[in-house]
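# Coordinate analysis (summary)
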Amino acid sequence: MGNPIMGEVIFEAGGKSYSFKLGTYAKALLQRETGLSAQRFFKKIENDLGYDDMLKLFRCGLYQKHKLGEEAVADLIDEIGEGKTLEIIAEAAKLAQPTEAEAKPVPPEGAAQS
């Protein structure tokens, strides 16, 4: 369903291929549009995901590769369905999380390791 090395989720709609990614650019765009850091935005939507939130998030994840506006993204959500949209977002969010090895802090050079 995606390219985990690139953190992308690839999907088809209307005979076209789309790439959704929650990378640095998408998160910065989301922050500009919502006024919330990505971490705060995701915390906010855990229990209260509105249509505006879903639309903004999906548009931000598509924008770098596809430059789609809100209406085009809304039409895309209507075409693939809300369930599929949320699956794509969830998969991309999972891919955007660092693995345990990546998240482990690297000790400074010369520091004793346990």
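Okay, so let's go over this structure. (Residues numbered from 1 in each chain as written. Predicted model: local features only at pLDDT ≥ 70, side-chain atom pairs only at ≥ 80, totals over all residues. Heavy atoms only, no water.)

The next subject is the overall build of the chain. Secondary structure summary: the chain contains six helices and three strands in total. Listed by position from the N terminus, the elements making up the chain come as β-β-β-α-α-α-α-α-α. Each of the 114 residues in the chain was classed as buried or not, and the buried ones make up 31%. Expressed as a percentage of contacts within the chain between residues at least 6 apart in sequence, the contacts between residues at least 24 apart total 54%. For the chain, the exposed area adds up to about 7700 Å²; of that, 51% sits on carbon and sulfur atoms. (Helix = DSSP H or I, 4+ residues; strand = E, 2+ residues; numbered from the N terminus. Buried < 20%, exposed > 50% of the residue type's maximum accessible area, 1.4 Å probe, protein only. Contact = heavy atoms within 4.5 Å. Areas by Shrake-Rupley, 256 points an atom, 1.4 Å probe, with all protein chains shown as cover.)

The next point concerns the packing of aromatic side chains. Under the definition given, this model contains four aromatic pairs. Here the aromatic residues Phe 11, Tyr 18, Phe 20 and Phe 58 are joined through ring pairs into a cluster of three or more. (Phe/Tyr/Trp six-rings, centres within 6.5 Å; stacked < 30°, edge-to-face > 60°.)

To continue, consider unusual backbone geometry. Backbone geometry places Lys 67, a non-glycine residue, at a positive phi of 50°. Relative to the elements of secondary structure, Lys 67 occurs in the loop between helix 3 (51–66) and helix 4 (70–80).

Further remarks concern a negative patch on the surface. On the surface, Glu 70, Glu 71, Asp 75, Asp 78, Glu 79 and Glu 82 cluster together to form a negatively charged patch. If one sorts the elements of the negative patch by residue count, helix 4 sits on top with five residues. Along the chain, the position of Glu 71 falls in helix 4. Accessibility expressed as a relative area gives 66% for Glu 71, which makes it exposed. (Patch = residues over 30% accessible without salt bridge, like charges linked within 9 Å, V, L, I, M, F, W, Y side chains within 5 Å. Salt bridge = Lys/Arg side-chain N within 4 Å of Asp/Glu carboxyl O. Lys, Arg positive; Asp, Glu negative; His and termini not counted. Charge placed at Lys NZ, Arg CZ, Asp CG, Glu CD.)

Let's shift gears to helix 4. Quick reminder: α-helices carry 3.6 residues per turn. Residues three or four places apart thus point the same way. Taken together, the buried positions of helix 4 are occupied by Val 73, Leu 76, Ile 77 and Ile 80. The buried residues of helix 4 occupy an angular sector of 100° when projected down its axis, which confines them to one face. Those residues of helix 4 that are exposed and angled more than 90 degrees off the buried face are Glu 71, Asp 75 and Asp 78. If you follow the buried residues of helix 4, they end up packed against strand 2 (8–13), strand 3 (16–21), helix 3 and helix 5 (82–96). (Arc of directions from axis to C-beta.)

Let us now look at the pairing of strand 3. As judged from the six bridges shared by strand 2 and strand 3, these two strands associate in the antiparallel manner. Following the sheet pairing, Val 9 is matched in strand 3 by Phe 20. (Pairing = 2+ DSSP bridges.)

Among the secondary structure elements, Asp 53 is positioned in helix 3. From its side chain, Asp 53 meets the backbone nitrogen of Gly 50 in a polar contact 3.1 Å long. Residues contacting Asp 53, with those up to four places away along its chain left out, are Phe 41, Lys 44, Ile 45 and Asp 48. (Polar contact = N/O pair within 3.5 Å; in protein donor to acceptor, adjacent residues only side chain to side chain.)

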